[in-house]
Amino acid sequence: CEWGEGGGGTLSGMGNRGLWGDALNEADDPPVKALFIDNADPAAVARDGNAVLKGLARENLFTVVHDIFITDTARDADIVLPATTSPEHDDINRSYGHYDIVLNRSAIDPVGESLPNTEVFRRLAKAMNLSDTCFDETDESLIQHAFDWSHKTLAGQRFGALERDGFFRLIYLK
């Protein structure tokens, strides 16, 4: 199971969020009828934000946004779900500008009704009767299985070292 893996008629299957305006306004075989956007603001970052806003305003499109902010995209959503912030959930992060992988452990409980993406996806999968075992994995398991630990850029690193040190450096060979 790949989180966010898309198939025919899904924007996640397109991969390039810069093309969302085209997809929302021009796709008709099949048309995009429902959209779930997590932690993104395609209206602000897509190649043509006005086209995205036009597509989001369609009467025949049902949009759910899961985010920590009321973004330009969220303003046009039918439903906005509160997402957790970094201090509220466990995660693995890779920053722009350096080669470190960082293990982020939650520091506080989720505020209000906010949920991490993984929990929202689990609940959606259950409601949709999806049975892939990946939807039963805990966040801890997903973190541990996030990498191909045999890949050369990990240079023999193991999850235990990440757990112990909180970070490790990727090795990019020249």
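Residues numbered from 1 in each chain as written. Predicted model: local features only at pLDDT ≥ 70, side-chain atom pairs only at ≥ 80, totals over all residues. Heavy atoms only, no water.

Draft legend 1. Up close: the packing of aromatic side chains. On inspection of all chains with the given rule, the structure shows 5 aromatic pairs. For the pair Phe147 and Trp149, a centre-to-centre distance of 5.4 Å together with 70° between the ring planes defines the contact as edge-to-face. A ring pair is formed by Phe147 and Phe168, whose centres lie 6.3 Å apart and whose planes are at 65°; its orientation type is edge-to-face. Here Phe168 lies in strand β6 (residues 167-169) and Phe147 lies in the loop between α6 (139-144) and α7 (159-165), a separation of 21 residues in the sequence. Counting every residue linked through ring pairs, the aromatic cluster contains Phe147, Trp149, Phe159 and Phe168. (Phe/Tyr/Trp six-rings, centres within 6.5 Å; stacked < 30°, edge-to-face > 60°. Helix = DSSP H or I, 4+ residues; strand = E, 2+ residues; numbered from the N terminus.)

Draft legend 2. Quick look at the sheet that holds strand β4 (residues 91-94). Read across the sheet, 3 strands follow the order β4-β5-β6 without closing on themselves; strand pairing throughout is antiparallel. This sheet does not close on itself; its edge strands, each paired only once, are β4 and β6. Going across the sheet, the axis of each strand differs from the next one's by a mean of 20°, ignoring polarity. (Pairing = 2+ DSSP bridges. Axes fitted to C-alpha atoms, helices over the stretch in contact; angles between N-to-C directions.)

Draft legend 3. Examining the nonpolar core more closely. Leu24, Leu35, Ile37, Val52, Leu56 and Leu61 are the most contacted members of the largest nonpolar core, which totals 14 residues. At the level of secondary structure, the elements contributing two or more residues to this core comprise α1 (20-26), β1 (34-38) and α3 (49-56). Counting residues in hydrophobic clusters, the runner-up holds 10 residues, among them Ile101, Ile143, Trp149 and Phe168. (Core = buried A, V, L, I, M, F, W, Y, C linked by side-chain atoms within 4.5 Å. Buried < 20%, exposed > 50% of the residue type's maximum accessible area, 1.4 Å probe, protein only.)

Draft legend 4. Up close: unusual backbone geometry. Backbone geometry at Asn39 places phi at a positive 50°, although glycine is not the residue there. Within the element layout of this structure, Asn39 appears in the loop between β1 and α2 (42-45). The exposure class assigned to Asn39 is partly exposed, which follows from its relative accessible area of 42%. Located in the positive-phi region is Asn129, a residue other than glycine, with phi close to 60°. If you trace the backbone, Asn129 turns up in the loop between α5 (117-127) and α6.

Draft legend 5. Broad picture of the environment of Asn60. Topologically, Asn60 is positioned in the loop between α3 and β2 (62-67). Residue class for Asn60 comes out exposed when judged on its relative accessible area of 51%. Separated by 27 residues in the primary sequence, Asn60 and Lys33 have C-alpha atoms spaced 6.3 Å apart. Separated by 2.8 Å, the side chains of Asn60 and Arg58 make a polar contact. (Polar contact = N/O pair within 3.5 Å; in protein donor to acceptor, adjacent residues only side chain to side chain.)

Draft legend 6. Representation of the pairing of β4 in the model. Pairing of β4 with strand β5 (residues 100-104), which is carried by 4 bridges, proceeds in the antiparallel orientation. Bridging from a neighbouring strand, Asn93 pairs with Val102 of β5. Hairpin connection between β4 and β5: a loop of 5 residues separates the two successive antiparallel strands, and Gly97 in this loop has a positive phi of roughly 95°.

Draft legend 7. Focus on the sheet that holds strand β3 (residues 79-82). With parallel pairing, the 3 strands of this open sheet are ordered in space as β1-β2-β3. Whereas interior strands pair on both sides, the edge strands pair on one side only; in this sheet they are β1 and β3. Between one strand and the next, the sheet's axes are offset by a mean angle of 15°, whatever the strand orientation. Across 4 bridges, the pairing between β2 and β3 is parallel. In the sheet register, Asp67 faces β3, and the bridge partner there is Pro82. Packed onto the sheet, α5 meets β1, β2 and β3 and runs at close to 155° relative to β1. (Contact = heavy atoms within 4.5 Å.)

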